[in-house]
Amino acid sequence: MKILIKGGTVVDPSAGTLRELDVLVEDERVIKVEAGITARGATVLDTAGMLVSPGLIDMHVHLREPGYEYKETIATGTAAAVRGGFTAVAAMPNTNPVADTRAVIEYVKKQASVAANARVYPVGAVTRGLEGNELAEMGEMREAGAVAFSNDGRPVVSAGVMRRAMQYARMFGTPIISHCEDDTLVDGGMMNEGLTASVLGLKGIPAAAEEVMVARDLLLAEAIGCALHVAHVSTAGSVRLIREAKRRGVPVTAEVTPHHFVLTEEAIAGYDTNAKVNPPLRSKADVQAVLEGLADGTIDVIASDHAPHADYEKAVEFDKAPFGLLGLETTLGLVFTYIVEPGVLSAPQALARLTVNPARVLGLAEPAINPGAMADITVIDPNHEAQVNPDRFLSKSRNTPFGGFWLRGQPVATIVAGKIFKFDQEGR
Ligand code: DOR
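It should be emphasised that the depicted structure is a prediction, and the values quoted were computed from it without experimental measurement.

Describe the packing of helix H1 (residues 74-83) against helix H2 (residues 102-115), naming the residues involved and giving the relevant values.
The interhelical angle for the contact between H1 and H2, taken along N-to-C directions, is 60°, at an axis separation of 9 Å. Accordingly, the angle class assigned to the pair H1 and H2 is oblique. Two packed elements cross with a definite hand, and for H1 against H2 that hand is right-handed. On the side of H1, the interface is formed by Ile74, Ala75 and Thr78, while H2 contributes Val108, Gln111, Ala112 and Ala115. Its residues assigned to classes, the contact of H1 with H2 shows five nonpolar, two polar and no charged.

What follows is the structure in C-alpha cells.
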C-alpha cells in the first residue's frame, strides 16, 4: 500500500526547517521525500497549505487500563490520541493493578497492539503499588518494554528510595519522570495558594510544594548522574531551578502541559471541577515563566497529562472531585493557538517539543521524515479554526475546561506505521 502526501510543507523539527516536498510512503516506511513525486496506484493525500510533521508523541498520558476502564481504555485513549494528532503516547502506571511488574507492562503493550491506534510506550512504577517504600521490579519491566519509571500521580516521598531508584534507572539507561510534590506542603490543598483561593474559600497548594521536590530531585540526579525528567512544571520557581541546573550540566529535562501555559487559577472562579488538576493551575506570573521556559529551552517537552475521569466523579463539590483533565484532543490546537500564533515558538520549534524532544527523553528512535524512516506522520492544518466540542471526543471521558474554546491548528490526518487515520473539518 502506497500513500502520496502531496503539496504540503514538510517539517524538520530537529533542524527547525520547513520545506515544500512530497512524501511517498510504502507499507510502514517513508520511501521518498522529494518535490514533484508521482506514484501510480498510491492513495493521494492533498496537503496543500498544511504542515507534514513527524508523528507527535505525548509522553504523559493516563490510559487508565487496567482497572479504571470506566474512565478510559487503551483502545479509547489511543483513538483519542490519533484524533489529536499523536502517533505515540507514554502510558503512566497509576492503574489498578499498578504497572509495577512485567505482567502489567506486557498487558498494556498487548492491549495497545490489539487497539492498533497510536503506539503505546509503558512507563513502569518506581515503587511497588506506588506506595513509595520498596522499589518495583524495574529491571524486569525494562526488559518487558518500560521506557521510563515514574510514580506519577504521587510523589516518591523518601529521598533514600528516590536515590536508589535513580541508581537503578541510570544502570538501565532510562529516565526517572518525577511528579514533584511534597504532601506535607499540599496538606489537603485543592488549588493554587493565593488570593483567588482565599476568595473562593478553597485551601491552597503553595508553589513550594512543587519546588522543594524539584530541588531535591535535581540534587539527587546531579549526584547520581541519572536522567531526571520533571513532569508538569507549573511554577516560576521550578522553571528557575531547572534552568540553573541545566546550566550546571545536571542531566535534567522538563515538560509543561497546555493547561499550565494557557489557564490560570482564575479558571476555577466558578468552582469548575474540570479545572481541578494537580499540580494546580497557577498565577499569571507562573504562566509567563513557563512560557519563557519554553522559549529559552529550559522546558523541553509539551505533554498533555491526559487524565480522564467520569462525569459523575467530577459532578460533585469541588473538594470531592478528583484532580485531572483531558488533553489528547486539545493539545495541538492549544499549542498552535497559544504558542505558535503569538510567536512564543515557531511551528518547527513547537513541534520539536512534541516530537524529537520527547523521543530523546524516552530513548526512542529520532522521529523524522526521511527515506527509510518509520511512516509515523501527522498532517496539520495550521490555519483551520475549530471550536472544542467535548461531545465529539473519542476519549471515554469529557472532563475538559476547554469546551467552547476556538482553536486554530488542527490535525487532519495521523499516519501510524503507514496506516492512515483521516478526519474531516468537523473533527470526526
Ligand atoms: O491532575 C492529575 N491527575 N495529576 C496527576 O498527577 C495525576 C492525574 C490522574 O491520574 O488523574
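After presenting the structure, the write-up continues.
Got a sec to walk through the site of the ligand? Specific residues and values, please.
The ligand sits among 14 residues. The nearest are Arg64, Asn94, Asn278, His309 and Phe323. In this structure, Asn278 approaches the ligand through a main-chain N or O atom, which is 2.7 Å from a nitrogen atom. A distance of 3.1 Å separates a nitrogen atom of the ligand from a polar backbone atom of Phe323. When isolated, the ligand has an accessible area of 290 Å², and the protein chains bury 93% of it. Judged by the fraction of its atoms near the pocket grid, the ligand is located in the largest pocket. Each residue belonging to the shell around the ligand can be placed in one class, and the counts come to three nonpolar, eight polar and three charged.

Can you tell me about the nonpolar core, naming the residues and giving the values?
In terms of nonpolar packing, the biggest core is built from 93 residues, with Met166, Ile176, Val230 and Phe261 touching the most fellow members. Residues contacting Met166, with those up to four places away along its chain left out, are Ile176, Asp217, Leu220, Ala221, Ile224, Cys226 and Leu228. Within the second largest apolar cluster, 18 residues are counted, among which are Leu21, Val25, Val379 and Val412.

So what's going on with unusual backbone geometry? Residues and values would help.
A cis geometry characterises the amide bond from Asn96 onward to Pro97, with omega recorded as 5°. Within the secondary structure layout, Pro97 lies in the loop between strand E9 (86-91) and H2. With an omega of 0°, the peptide bond between Asn278 and Pro279 qualifies as cis. Positionally, Pro279 belongs in the loop between helix H9 (258-262) and helix H10 (284-296). Phi at Asp187 is positive, roughly 45°, even though this residue is not glycine. Accessibility expressed as a relative area gives 48% for Asp187, which makes it partly exposed. The phi dihedral of Tyr271 falls on the positive side, at around 55°, and the residue is not glycine. Mapped onto the elements of the fold, Tyr271 is located in the loop between H9 and H10.

I'd like to hear about the layout of surface pockets, residue by residue, with values.
Roughly 540 Å³ of volume is contained in the largest pocket. Lining the largest pocket we find 28 residues, and of these Arg64, Asn94, Gly153, His309 and Phe323 sit closest to its centre.

Quick one: what's the story with H2, residue by residue and with numbers?
The terminal C-alpha atoms of H2, which comprises 14 residues, lie 20 Å apart, in line with the 20 Å expected from a rise of 1.5 Å per residue. Three or more residues of H2 are buried, namely Val104, Ile105, Val108, Ala112 and Ala115. Buried positions in H2, seen along its axis, are confined to an arc of 105° and lie on one side of it. Residues of H2 that are exposed and point over 90 degrees away from its buried face: Ala103, Lys110, Ser113 and Val114. Looking at the buried side of H2, the elements it contacts are H1, strand E10 (119-124) and helix H3 (138-144). Positioned one or two residues after H2, Ala116 has a phi angle of 55°, which is positive.

About the criteria used
Residues numbered from 1 in each chain as written. Predicted model: local features only at pLDDT ≥ 70, side-chain atom pairs only at ≥ 80, totals over all residues. Heavy atoms only, no water. Axes fitted to C-alpha atoms, helices over the stretch in contact; angles between N-to-C directions. Helix = DSSP H or I, 4+ residues; strand = E, 2+ residues; numbered from the N terminus. Parallel < 35°, antiparallel > 145°, perpendicular 65-115°, else oblique. Left-handed = near helix turned anticlockwise from the far one by under 90°. Contact = heavy atoms within 4.5 Å. Nonpolar A, V, L, I, M, F, W, Y, C, P; charged D, E, K, R; others polar. Near = heavy atom within 4 Å. Polar contact = N/O pair within 3.5 Å; in protein donor to acceptor, adjacent residues only side chain to side chain. Areas by Shrake-Rupley, 256 points an atom, 1.4 Å probe, with all protein chains shown as cover. 1 Å grid on protein atoms, 1.4 Å probe; cavity = no way out; pocket = protein on both sides within 12 Å on 5 of 7 lines; lining within 4 Å. Sits in = over half its atoms within 2 Å of the grid points. Core = buried A, V, L, I, M, F, W, Y, C linked by side-chain atoms within 4.5 Å. Buried < 20%, exposed > 50% of the residue type's maximum accessible area, 1.4 Å probe, protein only. Points joined across faces, edges and corners; volume = space filled by probe spheres on them. Expected span 1.5 Å × (residues − 1). Arc of directions from axis to C-beta.

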